6 protein chains.
Amino acid sequence: MRILFANPNSSVSVTDRIAAVARAAASPGTEVVAVTAPYGVPYIATRAEAVIGARAALELLAEHGSGCDVAVIAAFADPGVGGARELFPFPVIGMAEAAMLTACMLGRRFSIVTFATAMEPWYRECVDDNGLSQRLASIRCVPGGFRDINTVQEEKGEELVAACHDAVTRDNADVVILGGAPLAGLAGAIAHRVPVPVVDGVAAAMRQAEVLAALRPRKATAGTFRTPDAKPISGVPEPLRKAFMRD
Amino acid sequence: MRILFANPNSSVSVTDRIAAVARAAASPGTEVVAVTAPYGVPYIATRAEAVIGARAALELLAEHGSGCDVAVIAAFADPGVGGARELFPFPVIGMAEAAMLTACMLGRRFSIVTFATAMEPWYRECVDDNGLSQRLASIRCVPGGFRDINTVQEEKGEELVAACHDAVTRDNADVVILGGAPLAGLAGAIAHRVPVPVVDGVAAAMRQAEVLAALRPRKATAGTFRTPDAKPISGVPEPLRKAFMRD
Amino acid sequence: MRILFANPNSSVSVTDRIAAVARAAASPGTEVVAVTAPYGVPYIATRAEAVIGARAALELLAEHGSGCDVAVIAAFADPGVGGARELFPFPVIGMAEAAMLTACMLGRRFSIVTFATAMEPWYRECVDDNGLSQRLASIRCVPGGFRDINTVQEEKGEELVAACHDAVTRDNADVVILGGAPLAGLAGAIAHRVPVPVVDGVAAAMRQAEVLAALRPRKATAGTFRTPDAKPISGVPEPLRKAFMRD
Amino acid sequence: MRILFANPNSSVSVTDRIAAVARAAASPGTEVVAVTAPYGVPYIATRAEAVIGARAALELLAEHGSGCDVAVIAAFADPGVGGARELFPFPVIGMAEAAMLTACMLGRRFSIVTFATAMEPWYRECVDDNGLSQRLASIRCVPGGFRDINTVQEEKGEELVAACHDAVTRDNADVVILGGAPLAGLAGAIAHRVPVPVVDGVAAAMRQAEVLAALRPRKATAGTFRTPDAKPISGVPEPLRKAFMRD
Amino acid sequence: MRILFANPNSSVSVTDRIAAVARAAASPGTEVVAVTAPYGVPYIATRAEAVIGARAALELLAEHGSGCDVAVIAAFADPGVGGARELFPFPVIGMAEAAMLTACMLGRRFSIVTFATAMEPWYRECVDDNGLSQRLASIRCVPGGFRDINTVQEEKGEELVAACHDAVTRDNADVVILGGAPLAGLAGAIAHRVPVPVVDGVAAAMRQAEVLAALRPRKATAGTFRTPDAKPISGVPEPLRKAFMRD
Amino acid sequence: MRILFANPNSSVSVTDRIAAVARAAASPGTEVVAVTAPYGVPYIATRAEAVIGARAALELLAEHGSGCDVAVIAAFADPGVGGARELFPFPVIGMAEAAMLTACMLGRRFSIVTFATAMEPWYRECVDDNGLSQRLASIRCVPGGFRDINTVQEEKGEELVAACHDAVTRDNADVVILGGAPLAGLAGAIAHRVPVPVVDGVAAAMRQAEVLAALRPRKATAGTFRTPDAKPISGVPEPLRKAFMRD
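Keep in mind that what you see is a predicted model, and the values were worked out from it rather than measured.

Parameters and conventions
Residues numbered from 1 in each chain as written. Chains lettered and ligands numbered in written order. Predicted model: local features only at pLDDT ≥ 70, side-chain atom pairs only at ≥ 80, totals over all residues. Heavy atoms only, no water. Phe/Tyr/Trp six-rings, centres within 6.5 Å; stacked < 30°, edge-to-face > 60°. Helix = DSSP H or I, 4+ residues; strand = E, 2+ residues; numbered from the N terminus. Buried < 20%, exposed > 50% of the residue type's maximum accessible area, 1.4 Å probe, protein only. Contact = heavy atoms within 4.5 Å. Buried area = accessible area lost by both parts, 1.4 Å probe. Salt bridge = Lys/Arg side-chain N within 4 Å of Asp/Glu carboxyl O. Nonpolar A, V, L, I, M, F, W, Y, C, P; charged D, E, K, R; others polar. Pairing = 2+ DSSP bridges. Axes fitted to C-alpha atoms, helices over the stretch in contact; angles between N-to-C directions. Core = buried A, V, L, I, M, F, W, Y, C linked by side-chain atoms within 4.5 Å. Right-handed = clockwise from strand over helix to strand, strands pointing away. Least-squares fit on C-alpha atoms with pLDDT ≥ 70 in both. Parallel < 35°, antiparallel > 145°, perpendicular 65-115°, else oblique. Left-handed = near helix turned anticlockwise from the far one by under 90°. pLDDT = per-residue confidence, 0-100. Disulfide = S-S within 2.5 Å.

Bringing the packing of aromatic side chains into the picture now. Within the structure shown, the criterion is met by 36 aromatic pairs over all chains. Here the aromatic rings of A:Tyr43 and A:Phe115 are separated by 6.2 Å at their centres, their planes lie at 50°, and the arrangement is tilted. Here A:Phe115 lies in the loop between strand S5 (110–114) and helix H5 (120–129) and A:Tyr43 lies in the loop between strand S2 (31–36) and helix H2 (47–64), a separation of 72 residues in the sequence. Comparing A:Tyr43 with A:Phe115, the two get one shared label, buried. Plain terms: the ring middles of D:Phe76 and D:Tyr123 are 4.8 Å apart, the flat faces sit at 50° to each other, and that makes the pair tilted.

So, in structure tokens, the structure goes:
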């Protein structure tokens, strides 16, 4: 199997972290291809930044998707996942979606814990878009700034563990998801310090991508994710233009 | 008052239609500025196309928003409206949002009637995003292709009237919204043939923009639509880069 | 345009305040007609009092509605608005409805802040009736009694500002509505002290009434707000009797 | 026990029917007092008519409630029930409420079947107000006019049975409620012709009133149904004025 | 009337308490038959224990239901009630269901107060299953262990009263339900100390069972509670086998 | 990895089919253990039968779970899954749950298609219990009886394909789940005849079980799925007694 992780953030270092965690979580023989947005912001935290990331995600999938079994949009609130699911012939999943669906098998209600308050509204809309707000206990964001997106999981580690505890004891979460690609890999490190299962978004996405690759679902020719009609489009990179044009 | 209509579609002819209907609906003294996406598709019909349009909307508002009292995203399911509402200092509304909220004052449940089946899933997600699905009676799309986006309202006129009737008699709509910028102006022409109020998206957006312009709400410095922190961003036009950077 | 503000409370002084704020918010050339319930309570605060106010609202619209373009039921939780919307040939809106729909264009979730705890249940039912509970952050009522309904906005001013802050910081409101006709005009005075947009119910209703007046929607002849069949009725004032009898 | 049935319709003949069915359904020793609105419409069918009936219900309870253990508002969508529950020291229930809660013990989803299409919107709002829309299968109204409200159950009998069948086979109802006081007593007559339990609103209300009378709940001094503060009120009959004034 | 109370717990002492409270709440002439699960746990507190209790409930109804007018499953979150309602020819109600529906006539939102935190998740699922989560204010459980299930209501009495107060003042409950068969009878003892109505599950179930017995609903032959087709089954007691086989 | 498939039906032939499909869907090196309920019904179709199956599921997991990485309750609406998730130290998933969560990655709304109308109510409650009713397009059951549970997928094959088409064209499903263990393996055979992805419950459960086995979540010591306190229990097989007693 070949799984594409498309990071709609522009930080190569975040992509590297995603790739490492994905590879560690993968089954033997699964190949991980990880690519980075050629423009945009280092890490998406708001709705406005997600607009930029959504388009970057489509461009990355158009350019790198060929030959992959499944593509993962590897930013937590899944920018562009619906559009990508329409447009491309291979299955596409979002990292938040994969984490939330996995969490649903581990508990009645999940909390999402992350490292910056800016993300809360965007994450909440993602939960709502997935029709999973009944399953959400809370979104807890560690307040205050941070020095470096590449080391934020160490820098904020204790606060993140504390937020996980609050999610369990105050919000009655049965399971906690660590949200945000920069936290990839942290779940394993703190699992023994949190009294409920902790889900890593990248690991969950990796394994859920394998589920879809194994089940080999057909591309819909009906329903809301059928391939759209060909549409002329201007001002986008050639691979994406071809995807819209069905070339 | 100065109201910006940003058409995230690439069709200048659709922008012209929007501008004409907006001006006809405006109060005396209101100035309408109408601009067109410099790239993308002639008319957005799917989630994937909306991803492209959302970024175009941000670019248009960054370039043309200065000096406007309110901006309207003038494609029916409001691509990028949440991001725009965060990013810019002036109020931003979507055409679908304005039409739906206006419709809520005219009836318990509204239907959206439009000219192409491709739009249904995208429209439905827009209704859900607005938390208005309890108020939705149905979305009715006239099936089959059409010859020209500029004359689709004439070409499909009888079928659209029939769909309005079905919305009332089969789906129990109290009010009908004609969705899609290419239908701008049609509501007036068919109102006498439909037994419930018919809402024109452009006219509703024009008048709702005036409401906000008159109320002069402050830009939030708290809450989920507060201006986000400045963020370095690459690969976007200079005005949009400045908006992200708070330059 | 001619807009009727029907105050279902019996306090002429509250009507005067409503009229003054409405006129200040109106477009040039808009005429405001403000009338007061001939019986009932000085200000409606409970479900039981709203029952009395609802009938008063119908009576006022029956007597004074002729020649008006739109009628506003000018008590915050909109007593009788559904019945009025059925019965009369002109559009009818409620003050709470107008404020809430306006707030929806300014934020994802709104709080309603008011001056007396008695109002909370009635307001909440109004939000539910409008199908907007997903958009509600909270209803915050300043506790304790007050001396005079005519000066309550000054008397409770600091507490109301504090409640607005709590709505934003504790309940995550993106926008605050000041509820209750006795608070008309306060929003402008405190807007600079609240970090999110503050919506004045009377000003919002004034402008939304103009929206409907401009759009000139037809009276429904189908759907749930079609004119009901003529019905003999006894024991109500002659203008209302005529409205029920379609005389 | 002494149970007050307050008919907010002005038809004494409907009251007589209600009283007869209530007495037949009552336990031995239960006394039924049935009173009729002194004004209003012969039978309430719309939101506007319900506004008139709601006030009549308060007046009837104020005048006749003393000495009763429980009061029933005996029109199907329960005009004024919330206000009455606040205002009076005895428990108050609505006929629709009693029927729906009873139906919930007999099936997962109930349908309401009635004799006139005008009633559908008002009934639906009643279901929503009770937070029971998840339990509603459908509201089915027999179309067309009728000759006499006193014999409508005979006149429309076959059509009502057919509507019950449609509710079961098309809408998947587990239980059917016959809505509207003029249908009181019909359930027993047609029960053997409908393949699911049929609930009579008056009989259900009679028995549920006995439940509350037996449990003797205290009047709330806290919560949203606590007795409101005394309030001066003008223009209402003396007993109702006293209720508002806590005289 | 003859009402069967089937206690799916294995404690005869709890059954005795249920029977005493039921008899005290019953109308003159109503006979109460109370039976105890022959196996299982002394009191059900978790989902896993409810699985055992659900089967015990079916066995008890199969063995003792004949000749009864209505059966009550007398453990608070109603194990097996849906299956029992399908399987048996007589009406079946659950104690939680009866208490919640009764509470709905006394207030807009109810809280459930009980004596052990273990019960919260199971109770919450019961509320959801009944489609009543909109009507739920909170579930409050007194923390800490207890010495004896038979005297827990005395042992935890003060804490339970305090929890009722918290439900009212913090969670805005209009009415409180005391959950759990071991608390049967406590409501009467503490009603004067709680500012809103307090509902006793056993008394409510007793009276609601009489409602159904009086209304004599037919057994459904359609809908989701129609008698299922006969099904061979092994490994269950003979009376239950016969119920499945329609012998 | 070692995955336990516990079939709460008593048909060994159905277990054999489950095991074969699970093995075909498994990753290399995954071991499948499949066990059959020692009592109960040949295939569960109703709520009452699910009560029996739920207890059988607990017994099977208690007896055979030791040494397994994950257990699957292999009947479509997941009898006993919540209780099992509390009680056992290993993760437990249901077949319906796994299928629905997988389907959520393939479309906005899924339909469940099955071979007998009796199952609809039980399946619908399962969807509701999972908080996924927003994602459900429909449940479609092929009407009429069948000859043999072991060949029902061949016998009803054409009707099942037709029902899948109806789910897509009439109910707007984006993806179809074939429900019911007796249909295991059919999805692959008919996928090319259905225009949207078709999900096989057993294959989805197999792969989702591997996801959980790979992620190795800890057993919760807090939240609603923490291990319950030890509880004495009588009348159950020794392995289950030990599970309740934490022996």
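Let's shift gears to the interface of chain A and chain F. Contact residues are listed per partner, giving 45 residues for chain A and 45 residues for chain F. Both faces considered, chain A and chain F share a buried interface measuring about 3,600 Å² in area, 63% of it formed by carbon and sulfur atoms. It is A:Met105, A:Arg207 and A:Arg218 that lose the most area in chain A upon contact with chain F, and together they represent 19% of the buried surface on that side. If you look at where chain A meets chain F, you find zero salt bridges. Listing elements by their share of the side of chain A that touches chain F, those giving two or more residues are strand S4 (92–94), helix H4 (95–104) and helix H9 (201–215) of chain A. Grouping the constituent residues of the side of chain A that touches chain F by class yields 25 nonpolar, 10 polar and 10 charged.

Residue and element names in this part refer to chain D. Strand order in this open sheet of four strands is S6-S5-S7-S8, and the pairing throughout is parallel. With partners counted over all chains shown, the strands left at the sheet margins are strand S6 (136–141) and strand S8 (198–200), one partner each. Each strand axis lies, on average, 25° off the axis of its neighbour in the sheet, ignoring direction. Relative to strand S7 (residues 175–178), strand S5 (residues 110–114) runs parallel, the two being bridged by four bridges. Paired with Ile112 across the two strands is Ile177, which belongs to S7. Of the strands in this sheet, S5 and S6 touch helix H5 (residues 120–129), which is tilted by about 160° from S6. Each of S7 and S8 is contacted by helix H9 (residues 201–215), which is oriented at about 70° to S8, the strand it contacts most.

Turning next to the nonpolar core. In this structure, A:Phe5, B:Phe5, C:Phe5, D:Phe5, E:Phe5 and F:Phe5 are the most contacted members of the largest nonpolar core, which totals 654 residues. If we ignore the near neighbours within four places in the chain, the residues touching A:Phe5 are A:Ile18, A:Ala22, A:Val32, A:Val33, A:Ala34, A:Val35, A:Val72, A:Ala74, A:Val202, A:Ala205 and A:Met206.

On to the sheet that holds strand S5 (residues 110–114) of chain B. Residue and element names in this part refer to chain B. Taken in spatial order, the four strands make up an open sheet running S6-S5-S7-S8, and their pairing is parallel. The outermost strands of the open sheet, each flanked by one partner alone, are strand S6 (136–141) and strand S8 (198–200). Neighbour to neighbour, the strand axes of the sheet diverge by 25° on average, direction disregarded. Bridge analysis of S5 against S6 gives five bridges, and the strand direction is parallel. In the sheet register, Ile112 faces S6, and the bridge partner there is Ile139. Helix-sheet contacts for helix H7 (residues 157–169) involve S5, S6 and strand S7 (175–178), and the interaxial angle to S5 is about 160°.

Separated without contact, chain A and chain D have their nearest C-alpha atoms at a distance of 15 Å. Regarding chain B and chain E, which are not in contact, the minimum distance between any of their C-alpha atoms is 15 Å.

Let us now look at the environment of D:Ala118. Counting through the fold element by element, D:Ala118 comes out in the loop between S5 and H5. In the structure, D:Ala118 is positioned 82 residues away from D:Asp200 in sequence and 20 Å away in space, judged by C-alpha atoms. Residue contacts for D:Ala118: discarding those within four places in its chain leaves C:Arg226 and D:Ala45.

This part takes up helix H5 (residues 120–129) of chain C. All names here are of chain C. Burial runs high along H5: seven of the 10 residues are buried. For H5, every residue scored as buried is listed here: Glu120, Pro121, Trp122, Tyr123, Glu125, Cys126 and Val127. On its buried side, H5 packs onto helix H2 (47–64), helix H4 (95–104), strand S5 (110–114) and strand S6 (136–141). Downstream of H5 by a residue or two, Gly131 has a phi angle that is positive, lying close to 65°.

Notably, D:Asn172 is not glycine yet its phi reads approximately 60°, a positive angle. On the secondary structure map, D:Asn172 appears in the loop between helix H7 (157–169) and S7.

A few words now on the environment of B:Leu101. With respect to the helices and strands, B:Leu101 occurs in helix H4 (residues 95–104). Given the relative accessible area of 1%, B:Leu101 is considered buried. Residues B:Leu101 and B:Pro28 lie 73 residues apart in sequence; the distance between their C-alpha atoms is 23 Å. Once residues within four sequence positions are removed from consideration, B:Leu101 is found in contact with B:Leu132, C:Leu101, C:Cys104 and C:Met105.

Bringing the pairing of strand S1 (residues 2–7) of chain F into the picture now. Residue and element names in this part refer to chain F. Along S1, five of the six residues are buried, which leaves the element largely enclosed by surrounding structure. By the bridge criterion, six bridges tie S1 to strand S2 (residues 31–36) in an arrangement that is parallel. Among the inter-strand pairings, Phe5 is bridged to a residue of S2, identified as Ala34. Read as a crossover between parallel neighbours, the route from S1 over helix H1 (residues 12–25) to S2 is right-handed. Two elements, S1 and strand S3 (residues 70–73), share four bridges in a ladder whose sense is parallel. Pairing of Phe5 across the sheet is with Val72, part of S3.

Another point: the pairing of S6(D). The buried fraction of S6(D) is high, at five of six residues. Handedness of the crossover is the feature at issue here: the chain leaves S5(D), passes through H5(D), returns alongside S6(D), and the resulting connection is right-handed.

This brings us to the side chain of A:Arg85. Within the element layout of this structure, A:Arg85 appears in helix H3 (residues 81–87). When near neighbours in sequence (up to four residues on either side) are disregarded, A:Arg85 contacts A:Val92, A:Ile93, A:Glu97, A:Lys219, A:Phe225, F:Cys104, F:Met105 and F:Leu106.

Two copies of one chain are present, and they are related through a rotation about an axis combined with an axial shift. Superposing chain A onto chain F takes a rotation of 180° plus a shift of 0.0 Å along the axis, which leaves an RMSD of 0.0 Å. When the rotation and shift are considered jointly, the pair of chain copies conforms to a two-fold rotation axis. Of the C-alpha atoms belonging to chain A, the one lying closest to the rotation axis is found on A:Leu101, 2.9 Å away.

Residue and element names in this part refer to chain F. Contact geometry of H1 with helix H9 (residues 201–215) gives a least axis separation of 8 Å together with a crossing angle of 50°. Here H9 runs oblique to H1, going by the angle between their axes. The way H1 lies across H9 gives a crossing that is right-handed. Here Ile18, Val21, Ala22 and Ala25 of H1 lie close against H9, whose contacting residues are Val202, Ala203, Met206 and Arg207. When grouped by side-chain class, the residues that make up the contact of H1 with H9 number seven nonpolar, no polar and one charged.

Turning our attention to the confidence of the model for chain A. Predicted confidence across chain A gives a mean pLDDT of 96, with 100% of residues reaching 70 or more. Interface confidence for the predicted complex, expressed as ipTM, amounts to 0.97; the pTM equals 0.97.

This next bit is on the state of the cysteines. On inspection of all chains with the given rule, the structure shows zero disulfides over all chains. Free cysteine: D:Cys164, not disulfide-bonded; nearest cysteine sulfur from D:Cys141 at 12 Å.

For the structure shown, the criterion picks out 90 salt bridges over all chains. Note that F:Arg108 is salt-bridged to B:Glu125, the shortest N-O span being 3.6 Å. Residue F:Arg108 is located in the loop between helix H4 (95–104) and strand S5 (110–114), and its partner B:Glu125 is located in helix H5 (residues 120–129); the two belong to separate chains. Linking F:Arg207 and F:Glu210 is a salt bridge whose minimum nitrogen-to-oxygen distance equals 3.5 Å. Taken as a pair, F:Arg207 and F:Glu210 lie in helix H9 at a separation of three residues, close to a single helical turn. Classification of F:Arg207 as buried rests on a relative accessible area of 9%. Each of A:Arg47, A:Glu125, B:Glu86 and C:Arg108 takes part in salt bridges that share partners, so that together they form one network.

This paragraph deals with the side chain of C:Lys156. Residue position: C:Lys156 is located in the loop between helix H6 (152–155) and helix H7 (157–169). C:Lys156 has contacts with C:Phe115, C:Val142, C:Pro143, C:Gly144, C:Gly145 and C:Phe146, leaving out every residue within four places of it along the chain.

Another aspect to go through is the packing of H2(A) against helix H10 (residues 238–245) of chain A. Residue and element names in this part refer to chain A. Closest axis-to-axis distance for the H2/H10 pair is 8 Å, and the angle between their directions is 85°. As summarised for this structure, H2 and H10 are arranged roughly perpendicular, according to the angle between their axes. Residues Leu58, Glu59, Ala62 and Glu63 of H2 lie in contact with H10, whose contacting residues are Pro239, Leu240 and Phe244. Grouping the constituent residues of the contact of H2 with H10 by class yields five nonpolar, no polar and two charged.

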